[in-house]
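Geometric and topological summary
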Amino acid sequence: MKTIVLTNQKGGVGKTTSSSEFAYLFSQKGYKVILISFDQQGDLELQLNIGDKKSFSLLDCMQAKCRIDEAIIHLEHFDFLASDDDLSQADKLFPDTVDAFLFNDTIEWLEENLKYDFAIVDTAPSRSILHRMALMAADYVLIPVDSSPGSLKGVSKIKEDIDLLKKRRMSEAIILGTYMTSTRKTNLNKGIENQLEQLSIANGTIKFENSIRQTVSVGESKQFKISLNEYDFHNNAALDYRKLTNEILKRIDEFHSK
Ligand SMILES: Nc1ncnc2c1ncn2[C@@H]1O[C@H](COP(=O)(O)OP(=O)(O)OP(=O)(O)O)[C@@H](O)[C@H]1O
Ligand SMILES: [Mg+2]
């Protein structure tokens, strides 16, 4: 199983939208996928219309209040582990250094027992303990960036955080790449894209060639509680997500054959 974490401390850059779209598109390629909501905001739960399908949360698993398989929700195309409002108290809930490995333990259990091909993890816009726990469990990290300068700052911070965890032998995460979301044909957008390319050259984080265009269909698909590709296959952003999925899978293959 490969664990892919989507992260950026900047809010609203497309982490949740991307993680659910990738879960759907990976499943369409025949992979067994679990999507994990590691964000107390619970945006994925809304988007996927989880409602009363949830009996236990990821937090319940981490606190051994249930078996992990009891918390897994089986959706049409992939499985899902739901978040918990109480994750906002993570600093208090996980005071000990060893607690930081609890998410990693959950991921290892999923790998050993349920043999998923991919776990895709949506995270909160912060650099809290949850962010560190996610980086400790990650094989690969994807960083969506929108056309706000704050989201570029997030790229450098994630690199710093991973480097520090690696130095302490607490993470083996590889930054798979950065990509632009909600792009428009504006000078601002072009400027940020150029800056992202420069930053990638400077710090060794590779930028994906494919970007995701801004489109109203993204919001509409959420209203209908289905993925963008199911809602409007011919939409620009739907096509962009398919191309980006191929690029991501190719890059993972390249890392594996090294
Ligand atoms: N390609 C796109 N075109 C149009 N709107 C988009 C696109 N991608 C994302 N959005 C919209 O931008 C908003 C933020 O997206 P999303 O929730 O995925 O970001 P996020 O990084 O998960 O936010 P947070 O940091 O709060 O968790 C949402 O309203 C979403 O519908
Ligand atoms: Mg989100």
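One can find the structure itself at the top, above this paragraph.
These notes cover the structure that comes with them. Residues take numbers from 1 onward in each chain, read along the sequence in its written order. Chains and ligands are labelled by the order in which they are written, letters from A for the one and numbers from 1 for the other. pLDDT decides what is reported in this predicted model: residues at 70 or higher carry local features, side-chain atom pairs at 80 or more are listed and counted, and totals for whole chains, interfaces and linings draw on all residues regardless. Hydrogens and waters are ignored; side-chain quantities use all the structure's heavy atoms.

1. Details of a negative patch on the surface
On the surface, Asp105, Glu108, Glu111, Glu112, Asp139 and Glu172 cluster together into a negatively charged patch. Strands here are runs of E lasting at least two residues and helices are runs of H or I lasting at least four, both read from the DSSP assignment and numbered beginning at the N terminus. Inspection of the secondary structure puts glutamate 108 in helix 6 (residues 102-114). Think of it in three bands: with a 1.4 Å probe and only protein chains considered, a residue is buried below 20% of the maximum accessible area for its type, exposed above 50%, and partly exposed in between. Residue glutamate 108 is classed as partly exposed on the basis of its relative accessible area of 37%. What makes a patch is a set of residues exposed beyond 30% relative accessible area and free of salt bridges, joined within 9 Å when like-charged and within 5 Å when nonpolar (Val, Leu, Ile, Met, Phe, Trp, Tyr). Note on areas: Shrake-Rupley with a 1.4 Å probe; residue coverage comes only from the protein chains shown. Any carboxyl oxygen of Asp or Glu within 4 Å of a side-chain nitrogen of Lys or Arg constitutes a salt bridge here. For the charge count, each Lys or Arg is scored as positive and each Asp or Glu as negative, with His and the chain ends excluded. Taken as the charge location is NZ of Lys, CZ of Arg, CG of Asp or CD of Glu.

2. Some thoughts on the pairing of strand 5 (residues 118-123)
Summarising burial for strand 5: six of the six residues are buried, a large majority. The alternating pattern of strand 5 places Phe118, Ile120 and Asp122 and Ala119, Val121 and Thr123 on opposite faces, both of which are buried. Being paired, for any two strands, means DSSP has found at least two bridges between them. The pairing of strand 1 (residues 2-6) with strand 5 spans five bridges and is parallel. If you follow lysine 2 over to strand 5, its bridge partner there is phenylalanine 118.

3. Considering helix 9 (residues 187-203)
Taking 1.5 Å of rise per residue, the 17 residues of helix 9 would be expected to cover 24 Å, and the 24 Å separating its terminal C-alpha atoms lies within 8% of that figure. Where helix 9 is concerned, the buried positions are Asn189, Ile192, Leu196, Ser200 and Asn203. Buried residues along helix 9 cover an arc of 90° about the axis, so they all sit on one side. In helix 9, the exposed positions that point more than 90 degrees away from the buried face belong to Asn187, Lys190, Gln198, Ile201 and Ala202. Close packing links the buried residues of helix 9 with strand 6 (140-145), helix 8 (149-167) and strand 7 (174-180). Immediately beyond the C-terminal end of helix 9, within one or two residues, lies glycine 204, with a positive phi of roughly 80°. By this rule the span expected of a helix is its residue count minus one, scaled by 1.5 Å. Directions drawn from the helix axis to the C-beta atoms are what define this arc. Contacts were defined at the residue level, with two residues in contact if any of their heavy atoms lie within 4.5 Å.

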